[in-house]
Amino acid sequence: MKTIAMLIAVGLGEEAKKNYMKYVTELSATYALCATTQEARKLNVEIGFLQAVKSGIIKLIPEHTGRKTLAQLDAQISQLVSKSIISEEVVIYLKRWV
């Protein structure tokens, strides 16, 4: 399924690809803010699919320089965040010293 979605996305014009990448980036950032909520967990598979398609598109973009693009860095960060540990409860990092 991811392959079919990538082929469709690659067939889009350059402007549509840029918009898709931008929207998935914004969606990923928004999702990261609420990933531990019950409602967000229901969307985990769908958001992961969109991120995987974006990652596949990035891999198809020829590299003209040795530096990574912002989209490539964003995709790598998204992959790391998606593999991170999600806490089931609130964790208090700072203790109040009395």
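The structure this text deals with has already been given above.
This write-up is about the structure you can find in this document. (Residues numbered from 1 in each chain as written. Predicted model: local features only at pLDDT ≥ 70, side-chain atom pairs only at ≥ 80, totals over all residues. Heavy atoms only, no water.)

**Here we look at the overall build of the chain**
Phase 1 of the analysis: From N to C terminus, the chain includes five helices and zero strands.
Phase 2 of the analysis: Put simply, the chain runs from its N terminus to its C terminus through helices and strands in the order α-α-α-α-α.
Phase 3 of the analysis: Split into buried and exposed, the 98 residues of the chain put 21% on the buried side.
Phase 4 of the analysis: Long-range pairs, those at least 24 residues apart, make up 68% of the contacts in the chain with a sequence separation of at least 6.
Phase 5 of the analysis: Summed over its atoms, the accessible surface of the chain is roughly 8,200 Å², and 64% of this surface lies on carbon and sulfur atoms. (Helix = DSSP H or I, 4+ residues; strand = E, 2+ residues; numbered from the N terminus. Buried < 20%, exposed > 50% of the residue type's maximum accessible area, 1.4 Å probe, protein only. Contact = heavy atoms within 4.5 Å. Areas by Shrake-Rupley, 256 points an atom, 1.4 Å probe, with all protein chains shown as cover.)

**Things to note about the pattern of salt bridges**
Where charged atoms from two side chains of opposite charge approach closely, those side chains can pair.
Phase 1 of the analysis: Evaluated as defined, the whole model comprises one salt bridge.
Phase 2 of the analysis: Between Asp-74 and Lys-54 there is a salt bridge; the shortest N-O distance is 2.4 Å. On the criterion of sequence distance, the pair formed by Asp-74 in helix H5 (residues 70–82) and Lys-54 in helix H4 (residues 44–60) is long-range, its members being 20 residues apart.
Phase 3 of the analysis: Its relative accessible area of 4% is what places Lys-54 among the buried residues. (Salt bridge = Lys/Arg side-chain N within 4 Å of Asp/Glu carboxyl O.)

**Points about H4**
Phase 1 of the analysis: Over its 17 residues, H4 extends 25 Å from the first C-alpha to the last, a length consistent with the 24 Å expected when each residue adds 1.5 Å.
Phase 2 of the analysis: Listing the buried residues of H4 in full gives Ile-47, Gln-51, Val-53, Lys-54, Ser-55, Gly-56, Ile-57 and Ile-58. (Expected span 1.5 Å × (residues − 1).)

**Notes on the packing of helix H2 (residues 14–34) against H4**
Phase 1 of the analysis: Interaxial distance between H2 and H4 falls to 10 Å at its minimum, and their mutual angle equals 140°. The angle between the axes of H2 and H4 places the two elements in the oblique class. Remark: the crossing between H2 and H4 carries left-handed chirality. For the pair H2 and H4, the contacting residues are Lys-17, Tyr-20, Met-21, Val-24, Thr-25, Leu-27, Ser-28 and Tyr-31 in the first and Asn-44, Ile-47, Leu-50, Gln-51, Val-53, Lys-54, Ile-57 and Ile-58 in the second.
Phase 2 of the analysis: In terms of residue class, the contact of H2 with H4 is made up of 10 nonpolar, four polar and two charged. (Axes fitted to C-alpha atoms, helices over the stretch in contact; angles between N-to-C directions. Parallel < 35°, antiparallel > 145°, perpendicular 65-115°, else oblique. Left-handed = near helix turned anticlockwise from the far one by under 90°. Nonpolar A, V, L, I, M, F, W, Y, C, P; charged D, E, K, R; others polar.)

**Here we look at the packing of H4 against H5**
Phase 1 of the analysis: Where H4 meets H5, the closest approach of the two axes is 10 Å, and the angle between their N-to-C directions is 145°. For H4 against H5, the interelement crossing comes out left-handed. Of the residues in H5, those in contact with Gln-51, Lys-54, Ser-55 and Ile-58 of H4 are Ala-71, Gln-72, Asp-74, Ala-75, Ser-78, Gln-79 and Ser-82.

**Concerning the environment of Thr-25**
Phase 1 of the analysis: Topologically, Thr-25 is positioned in helix H2.
Phase 2 of the analysis: Here the alpha-carbon distance between Thr-25 and Ala-75, two residues 50 residues apart in the chain, equals 8.2 Å.
Phase 3 of the analysis: Among residues more than four places away in sequence, those in contact with Thr-25 are Lys-54 and Asp-74.
Phase 4 of the analysis: Of the polar contacts made by the side chain of Thr-25, one reaches the backbone oxygen of Met-21; its length is 2.8 Å. (Polar contact = N/O pair within 3.5 Å; in protein donor to acceptor, adjacent residues only side chain to side chain.)

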